[in-house]
Amino acid sequence: MSYNINEKGYYGEFGGAYIPEMLYPNIEELRLNYLKITEDPSFKKEFDQLLKDYVGRPSPLYYAKRLSDKYNTKIYLKREDLNHTGAHKVNNTIGQILLAQRLGKTRIIAETGAGQHGVATATVCALMGMECIVYMGEIDIARQAPNVARMKMLGAKVVPATSGSKTLKDATNEAMRDWINNPVDTHYIVGSVVGPHPYPDMVARFQAVVSEEIQSQLSEKEGTTKPDYVVACVGGGSNAAGAFYHYLEDTDVKLIAVEAAGKGIHSGESAATSVLGREGIIHGSKTLLMQTDDGQITEPYSISAGLDYPGVGPMHAHLYKSGRAQFMSITDDEAMVAGLELSQLEGIIPAIETSHSLAIFEHKTFNPDDIIVINLSGRGDKDLQNYIDYFKL
Ligand SMILES: *Cc1c(COP(=O)(O)O)cnc(C)c1O
């Protein structure tokens, strides 16, 4: 069995491009060109150079000694939190803006929920001098004021989505509408391994630099390119896709995907998509998503804005269905405690998304000589107020 995408744009039974007729030309242009462009040596050269000089890659692979001692196993942290803008998302936005330039686009649109992808997009638009429009639900604009300020500071225009629940899915609808109306000069930067083919594969390839670096860094430190486990949190699934990518077909390496259980998997306030989800279509791809019996998408909940998504990308739906990855669900409370623990054991304040991955050690026991790589997807600066309120610090 293959765990990567096939020629038709499917991971097993998941993926594809379920799009309105009006979007067909845009998606087809991308599909026909993305591999040709991104595999061209001049593209790779510019991408690698920017990842090095602008983002600060390679991100370190750090052996977390005190954390390892506590859980009696060997834990490495892949430090995506040290990237420019504080998370892995910029790996993808750099890749997509270079692609957009080569397709002759002059205008960038994106949608954002918590604002992290909006900031990563506004950043690369400033870098390249491109017009940037970010759609964001009206409620999210109010909830995420610091990220709205960052986007404006970077020169982006933030457009409120005022329909429906005024959150992420309404922003997505607005962005789609914009793209249908501006198919020639505009590229839509999608922020995770979601959306119609070729987006999931394209984003996974841009994020694959993470596992490429893990291979060489681990080889230097442990004399092997293969850890026993790779662990990553999953919202849409892009940081996990990047950390898993070069290990997908190598079943010696076990993969653990960590979802947000919110207030408990069956509490009605959760984002544990793989456990609760059923097959359906969201954002143009067939995948697992949380829905009611009559197919309405269920509002997800998590304390971490980045995991608060009702679906997972099609790669992860396939990894779940095939059993290639183990899926674990971590509650708000468990994640917060694990975030505080990492801060005080290692001097690293993680994003709350990432804290979910760190909480698995309370649920699963590893052998003393197991090598575990945790993808530390982002830094916790953006979440400080949440931590402070939660622990009454
Ligand atoms: C956005 C975000 C995530 C979730 O997105 P994925 O596409 O699942 O990676 C996880 N961690 C951080 C720090 C984020 O900003």
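Being a predicted model, the structure only gives us computed values, none of them experimental.

Parameters and conventions
- Residues numbered from 1 in each chain as written.
- Predicted model: local features only at pLDDT ≥ 70, side-chain atom pairs only at ≥ 80, totals over all residues.
- Heavy atoms only, no water.
- Salt bridge = Lys/Arg side-chain N within 4 Å of Asp/Glu carboxyl O.
- Helix = DSSP H or I, 4+ residues; strand = E, 2+ residues; numbered from the N terminus.
- Buried < 20%, exposed > 50% of the residue type's maximum accessible area, 1.4 Å probe, protein only.
- Phe/Tyr/Trp six-rings, centres within 6.5 Å; stacked < 30°, edge-to-face > 60°.
- Lys NZ or Arg CZ within 6 Å of the ring centre and 35° of its normal.
- Expected span 1.5 Å × (residues − 1).
- Contact = heavy atoms within 4.5 Å.
- Near = heavy atom within 4 Å.
- Polar contact = N/O pair within 3.5 Å; in protein donor to acceptor, adjacent residues only side chain to side chain.
- Areas by Shrake-Rupley, 256 points an atom, 1.4 Å probe, with all protein chains shown as cover.
- Nonpolar A, V, L, I, M, F, W, Y, C, P; charged D, E, K, R; others polar.
- Pairing = 2+ DSSP bridges.
- Axes fitted to C-alpha atoms, helices over the stretch in contact; angles between N-to-C directions.
- Patch = residues over 30% accessible without salt bridge, like charges linked within 9 Å, V, L, I, M, F, W, Y side chains within 5 Å.
- 1 Å grid on protein atoms, 1.4 Å probe; cavity = no way out; pocket = protein on both sides within 12 Å on 5 of 7 lines; lining within 4 Å.
- Points joined across faces, edges and corners; volume = space filled by probe spheres on them.
- Parallel < 35°, antiparallel > 145°, perpendicular 65-115°, else oblique.

Colleague: Which residues make up the pattern of salt bridges, and what values go with them?
Modeller: A full pass over the atoms with the stated rule returns 24 salt bridges. For Arg-107, the salt bridge is made with Asp-178, and the minimal N-O distance between the two is 2.8 Å. Of this pair, Arg-107 sits in strand β5 (residues 107–112) while Asp-178 is found in helix α8 (residues 168–181), placing the two residues 71 residues apart along the sequence. Across the pair, Asp-178 and Arg-107 agree in class, each one buried.

Colleague: Report on the packing of aromatic side chains, specifying residues and quantitative values.
Modeller: Following the criterion strictly, the structure yields eleven aromatic pairs and no others. Pairing Trp-179 with Tyr-188 gives two aromatic rings, centres 5.6 Å apart and planes at 80°, and the pair type is edge-to-face. The exposure class assigned to Trp-179 is buried, which follows from its relative accessible area of 3%. A network of ring pairs unites the aromatic residues Tyr-71, Tyr-229, Phe-361 and Phe-366 as a single cluster. When the ring centre of Tyr-229 is taken as reference, the NZ or CZ atom of Lys-254 above it lies at 4.8 Å. The residue whose ring lies beneath Arg-324 is Tyr-3, and the NZ or CZ to ring-centre distance is 5.8 Å.

Colleague: Residues and numbers for α8, please.
Modeller: When the terminal C-alpha atoms of α8 are compared, their 20 Å separation across 14 residues agrees well with the 20 Å that a helix rising 1.5 Å per residue should span. Packing partners of the buried residues in α8 comprise α1 (24–38), β5, β6 (131–137), β7 (157–161), β8 (186–188) and α9 (199–207).

Colleague: An account of the site of the ligand is requested, with residue identities and associated values reported.
Modeller: The environment of the ligand is formed by 15 residues, the closest being Lys-89, Ser-192, Gly-235, Gly-237 and Ser-238. Here an oxygen atom of the ligand sits 2.7 Å away from a polar atom, N or O, in the main chain of Gly-237. Here Asn-239 contributes a side-chain N or O atom positioned 2.8 Å from an oxygen atom of the ligand. Isolated, the ligand exposes 380 Å² of accessible area, and the fraction of that covered by the protein chains is 97%. Residue classes in the shell around the ligand are distributed as three nonpolar, ten polar and two charged.

Colleague: With reference to specific residues and values, describe the sheet that holds strand β9 (residues 229–233).
Modeller: Strand order in the open sheet formed by six strands is β3-β4-β14-β9-β10-β13, and the pairing between neighbours is mixed. Looking along the sheet, the strands with just one partner apiece sit at the ends: β3 (61–63) and β13 (325–331). Adjacent strand axes in the sheet meet at a mean angle of 25° when their direction is disregarded. In this structure, β9 lies alongside strand β10 (residues 254–262), joined through five bridges in parallel fashion. Considered in β10, the bridge of Tyr-229 is made with Lys-254.

Colleague: So what's going on with the side chain of Asn-83? Residues and values would help.
Modeller: Residue placement: Asn-83 occurs in the loop between β4 (74–79) and α4 (89–102). Overall, Asn-83 belongs to the buried group, its relative accessible area being 0%. For Asn-83, the residues in contact, after removing those within four places along its chain, are Val-55, Arg-57, Ser-59, His-88, Val-90, Asn-91 and Arg-379.

Colleague: Give a description of a nonpolar patch on the surface that names residues and reports values.
Modeller: Residues Ile-349, Leu-384, Ile-388 and Leu-393 make up a contiguous nonpolar surface patch of roughly 350 Å² in combined accessible area. Among the structural elements, Leu-384 can be located in helix α16 (residues 384–391).

Colleague: Run through unusual backbone geometry, naming residues and quoting values.
Modeller: Cis rather than trans, the peptide bond between Arg-57 and Pro-58 has omega equal to 0°. Secondary-structure assignment places Pro-58 in the loop between α2 (41–55) and β3. Positive phi is not limited to glycine here, since Asn-72 has a value of about 55°. Mapped onto the secondary structure, Asn-72 falls in the loop between α3 (65–71) and β4. Despite not being glycine, Thr-85 has its phi angle at roughly 75°, a positive value.

Colleague: Tell me about empty space enclosed by the protein, and name the residues and values.
Modeller: Inspection of every chain in the model, using the stated rule, returns two cavities of 30 Å³ or more. In this structure, the largest cavity spans a volume of roughly 50 Å³. For the largest cavity, the full set of lining residues is Thr-85, Ala-87, Lys-89, Val-90, Gln-116, Val-119 and Ala-120. When contributions to the lining of the largest cavity are tallied by element, the ones reaching two or more residues are α4 and α5 (116–128). The leading source of residues in the lining of the largest cavity is α5, at three residues. Residue classes in the lining of the largest cavity are distributed as four nonpolar, two polar and one charged. Lining the second largest cavity are Asn-26, Glu-29, Leu-30, Leu-103, Lys-105, Trp-179, Pro-183, Thr-186 and His-187. When contributions to the lining of the second largest cavity are tallied by element, the ones reaching two or more residues are α1 and β8. With three residues, α1 is the single largest residue contributor to the lining of the second largest cavity. When the residues that make up the lining of the second largest cavity are grouped by side-chain class, the tally is four nonpolar, three polar and two charged.

Colleague: I'd like a rundown of the packing of helix α14 (residues 332–346) against α16, residues and numbers included.
Modeller: Axis separation between α14 and α16 bottoms out at 11 Å; the angle between their running directions is 105°. Considered as vectors, α14 and α16 are oriented roughly perpendicular to each other. Residues Asp-333, Met-336, Val-337, Gly-339 and Leu-340 of α14 form the contact with α16, whose participating residues are Asn-386, Tyr-387, Tyr-390 and Phe-391. Residue composition of the contact of α14 with α16, by class: six nonpolar, two polar and one charged.

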